[in-house]
Structure formats: C-alpha cells, structure tokens
Amino acid sequence: MSAPINAPAVKGWCPGAHRPMMSAEGLVVRIRPPRGELTAHQASGLAALATAYGHGTVELTNRANLQIRGVADAHHAPLIEGLDGLGLLDADADAERHRNIVIDPFRPLGEDRQTVCAEHLAAQLRAQATGDADLARLPSKFGFVIDAGPRRQLAEVSGDIRIEAAAGALLVRADAMATGRIARDGEDAVRLALELARWFVASGGVGADGRGRMRAHLAAGAQPPDACCGAAQPNPAAPRPQPGPRDGGLTVAVAFGQLDAADLARLAATGAPVLRITPYRMIHLPGVSTCALAGGSLILAGDDPLLRVVACTGAPGCPQASVTTRDLARAIAPLLVPSLPAGATAHVSGCAKGCALPAPAALTLVGRDGRFDLISHGPPWSEPARRGLTPGAVLSILGG
Ligand code: SF4
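Everything numeric in this text was worked out from a predicted model, so none of it was measured.

Each value, and the rule that gives it
- Residues numbered from 1 in each chain as written.
- Predicted model: local features only at pLDDT ≥ 70, side-chain atom pairs only at ≥ 80, totals over all residues.
- Heavy atoms only, no water.
- Phe/Tyr/Trp six-rings, centres within 6.5 Å; stacked < 30°, edge-to-face > 60°.
- Buried < 20%, exposed > 50% of the residue type's maximum accessible area, 1.4 Å probe, protein only.
- Helix = DSSP H or I, 4+ residues; strand = E, 2+ residues; numbered from the N terminus.
- Lys NZ or Arg CZ within 6 Å of the ring centre and 35° of its normal.
- Polar contact = N/O pair within 3.5 Å; in protein donor to acceptor, adjacent residues only side chain to side chain.
- 1 Å grid on protein atoms, 1.4 Å probe; cavity = no way out; pocket = protein on both sides within 12 Å on 5 of 7 lines; lining within 4 Å.
- Points joined across faces, edges and corners; volume = space filled by probe spheres on them.
- Nonpolar A, V, L, I, M, F, W, Y, C, P; charged D, E, K, R; others polar.
- Pairing = 2+ DSSP bridges.
- Axes fitted to C-alpha atoms, helices over the stretch in contact; angles between N-to-C directions.
- Near = heavy atom within 4 Å.
- Domains from an automatic or database assignment.
- Contact = heavy atoms within 4.5 Å.

## Observations concerning the packing of aromatic side chains
Working definition: an aromatic ring pair is given by the centre-to-centre distance plus the angle between the planes.
In step 1: One pass over the full model with this rule turns up two aromatic pairs.
In step 2: Ring geometry for Phe142 versus Phe144: centroids 6.0 Å apart, planes at 75°, classification edge-to-face. Comparing Phe142 with Phe144, the two get one shared label, buried.
In step 3: Note on Phe142 and Phe200: the rings are 4.7 Å apart at their centroids and 45° apart in plane angle, and the pair reads as tilted. Taken together, the residues Phe142 in the loop between α4 (118-129) and β7 (144-147) and Phe200 in helix α5 (residues 186-202) connect sequence positions 58 residues apart. One exposure class covers both Phe142 and Phe200, and it is buried.
In step 4: Members of the aromatic cluster, connected to one another through ring pairs, are Phe142, Phe144 and Phe200.
In step 5: The aromatic ring of Phe106 is capped on one face by Arg246, whose charged end is 3.7 Å from the ring centroid.

## Topic: the side chain of His347
In step 1: Relative to the helices and strands, His347 resides in strand β18 (residues 346-349).
In step 2: A distance of 3.5 Å separates the side chain of His347 from the backbone oxygen of Leu357, its partner in a polar contact.

## Considering empty space enclosed by the protein
In step 1: Tallying each qualifying case throughout the model produces three cavities of 30 Å³ or more.
In step 2: Each pocket or cavity is described by its volume, and for the largest cavity that value is around 140 Å³.
In step 3: When residues of the lining of the largest cavity are traced back to their parent elements, those giving at least two are β6 (101-103) and α4.
In step 4: Each residue belonging to the lining of the largest cavity can be placed in one class, and the counts come to nine nonpolar, two polar and six charged.

## Quick look at the sheet that holds strand β17 (residues 309-311)
In step 1: Here we have five strands laid out as an open sheet, ordered β17-β18-β19-β20-β21, and mixed in their pairing. Where the open sheet ends on each side, the last strands, each with one partner, are β17 and β21 (386-389). Pairwise comparison of adjacent strand axes, ignoring direction, gives a mean angle of 20° for this sheet.
In step 2: As paired strands, strand β20 (residues 371-378) and β21 are joined by two bridges and run antiparallel to one another. Of the residues in β21, the one forming a bridge with Phe372 is Leu389.

## Brief notes about the site of the ligand
In step 1: Inspection of the region around the ligand gives Cys312, Cys318, Gln320, Ala321, Ser349, Gly350, Cys351, Lys353, Gly354 and Cys355 as its neighbouring residues.
In step 2: Here the residues of the shell around the ligand sort into five nonpolar, four polar and one charged.

## Considering the domain arrangement of the protein chain
In step 1: The domain boundaries assigned to the protein chain delineate domain 1 (21-93 + 256-299), domain 2 (107-228) and domain 3 (305-397).
In step 2: Computed over C-alpha atoms only, the centres of domain 2 and domain 3 are separated by 33 Å.

## A few points about the layout of surface pockets
Remark: the empty space left among the atoms is shown by a probe the size of a water molecule rolled over them.
In step 1: Its volume calculated, the second largest pocket comes out at about 330 Å³.
In step 2: If you go around the second largest pocket, you meet 19 residues; those closest to its centre are Glu25, Glu59, Gln258, Thr313 and Arg326.
In step 3: Of all the secondary-structure elements, those providing two or more residues to the lining of the second largest pocket are β4 (57-60), β13 (258-260) and α8 (326-339).
In step 4: Partitioned by chemical class, the residues of the lining of the second largest pocket number four nonpolar, eight polar and seven charged.
In step 5: Of the domains in this structure, domain 1 (21-93 + 256-299) and domain 3 (305-397) are the two that each give at least three residues to the lining of the second largest pocket.

## What about the sheet that holds strand β8 (residues 161-166)?
In step 1: As summarised here, the arrangement of the five strands in space is β6-β7-β8-β9-β10, forming an open sheet in which the pairing is mixed. The sheet is open, and its two edges are formed by β6 and β10 (181-182), each paired on a single side.
In step 2: With six bridges connecting them, β8 and strand β9 (residues 169-174) associate as antiparallel partners. Residue pairing across strands places Ile161 opposite Ala174, the latter belonging to β9.
In step 3: Lying over the sheet, α5 contacts β7, β8, β9 and β10, oriented at roughly 5° with respect to β9.

What follows is the structure, encoded as structure tokens:
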C-alpha cells in the first residue's frame, strides 16, 4: 500500500457533550441519542438548541450520532443544561464513552421481528460496561454494532464487536472475522461481547497512545480465545439504504449530513413517534407515509445527484483542512451522473484522513495546501493521479 501522502494529525478520540472538541468555529458538541432515536419533543428541542447556541445545523455522523458545531465556550453550560432537560445527556463523560453502540435503525417499533430486542441488548451492554475497570481502557473510538434482523442493515458500518443473527439465533463476531459464535440467548450474547472486549484490552489491542481497533489488532496476528469464536455466518447484508418509503416508514436523507435546524423541526412535526438516526446520514421515520418534506437539507429521491458524493467538514470547521469541501461537492454532484458508472461514489475530503469515507471511491478529491489532489479508484491516502488542482480545474476535468 502507498504511504499516506499528506498525513493528517490523528486525535484518536471522539467528542461528547461533556467533553466537546475545539474547532476553528468553536466547540463541537456530540450527542448520542438514547437507543439511536429522538422523540418528537427531543427533536424540536434540539433544533431550538442548535439555533440558539450553534450554527443552526445539526450534523449526522457516520456513527449515528448528532453534533452541534460552532458553540461558544460561554454557551456550553446552557447547552448542556438544555440537553439534560431533553433527556439527551449522560451522567458524565465516562458514561457517554460507553454509548458507542450503533443499533439497526430500521428495527420495528417495540418488540420486534428480531430474536431479542436490540434496545435491551444495548442497555445491557451499557450497564455492564459502565464502571468496569478493564473496559474503561477501551479506546473511545471502539464501538459495538447491534444488527440482529433477518438482513444486516449495518454491514458497512464500522464496529469492533458485532451482535448479529444467524438462522434464528444471536451471534457475536469480532470485526474482520467472517464468522462468529452463536449465543444461547441475549444475556449470553452480551456476556460474549464483553468477554471479547476484555480480551481485546488484555491482549494488547490498546496502544500506548490509548488508540486501537479490533480489525488492526487481528490483522497484526492476535487471535481471540476459542470461547469467543465460532463458525456461524451472520445473516446476509441488506443493500445500502436509500431515501424513500420502507419498513412501514419513511427514510429521509440529509445532504452531507448537515441538517438545518428548521428541517429537524419539520421532521419532528411529521407525527413519527420517534426519529431514528442512521449511520448513513439519513433519518428514518417509523409509521410515516409520504409527506411534503423535500427541500432544504432533506432528500427524498434515491436518484438525487447529491447522494453520489460524500464530503467531510473541511475548512473552516476542521483544523486539518486547507480547503472547503462541500461547495465543491455540490458543484461536482450533477457532473457525476454522466461521468461515473451508476452506483459509483465520489468523495471530497479536506485531507488524507478521509473521515467521511475511509475507503476507496471511484473519484476522490483530497485537499492539500489549498488545492486538490485527484485519486482514481482509491482511498484518500493513496497516490494521486493529478495534483494541485483548483476547484475550477476539477470541474473542467469532469466536463463542467
Ligand atoms: S478528513 Fe476532513 S474532517 Fe477529517 S480530519 Fe481531514 S479535513 Fe478534517
């Protein structure tokens, strides 16, 4: 593999509400919604807080969390108070660290088609992990995925330990292993998942800098104990979700994950009992049929060109970036339909870290020293085919 050409600084930790991250635009406050969903009351309240204390947008992350950007130091305390009033605040930074759990957002409401209620599994994971001295050493980016439906909805979503289903039973699988161990029941699945997490810590998965991921640990030769391994294959993966009606509800995409607070308030008023936050920068509204939501930051059509391109925060929000990203992403989106094969994706990344898509894309544009390097069919850190392009030059190459 090529060495990174423009290595970014890696922070290795994620912001929270109690422990926000400073950016050039002010604090970034991350909210981890309980069960991966907001009630209508929480959603409208969050929209009001984002308008009062942030930039008036709520950002959807690829871990199904929400972020308010541009918070002044002096506004952090009232924002925290507002989040607490909405039931969107953990007790402390340690508790919010242990909520790095992504749950299938398309699960039915209430008791469901799944072998065991996913929300119950997540609650048990959190409860048993909080206060555990061994698990306190897990890196902040280390996460769990609960994806136990008949088709896996989160196969593309990063997660170090996965609870899935196989032929009517629950299965626990380390990320990067093709197969996992069948659990006797939900309680056993939680026990196995935490045993795997403890093994990860005890076997040296956490580096001296406090970082580490399961995939890299296994790639370096670590082998989980037999008691945590098995030969069961998880249920097949579902296709990547698209906006539109599905599973008795409506899925709405958000351009570049930047949800206008006014649009969040509109979603809160649809009558959906909850707004499910997905890791695909989409929100699923159970029980909602088609309604007049398109426009603003919301996308309802699966063939919208903006869905063909992903872009990270870029400048000025991220200190690693020397370029803005979303303006160019919007400009190239309509040009991608004729110039890229159907289904191919483009990626505009502020630097070689590739936060928005740490994987290959058909076309990747990486910011460097105020210009863009162009990579064809590779990840952001691979060797560029063209270097030092202005946005105008990129548009010319794409026929704009
Ligand atoms: S990829 Fe984008 S968001 Fe991530 S560090 Fe680089 S500029 Fe920042």
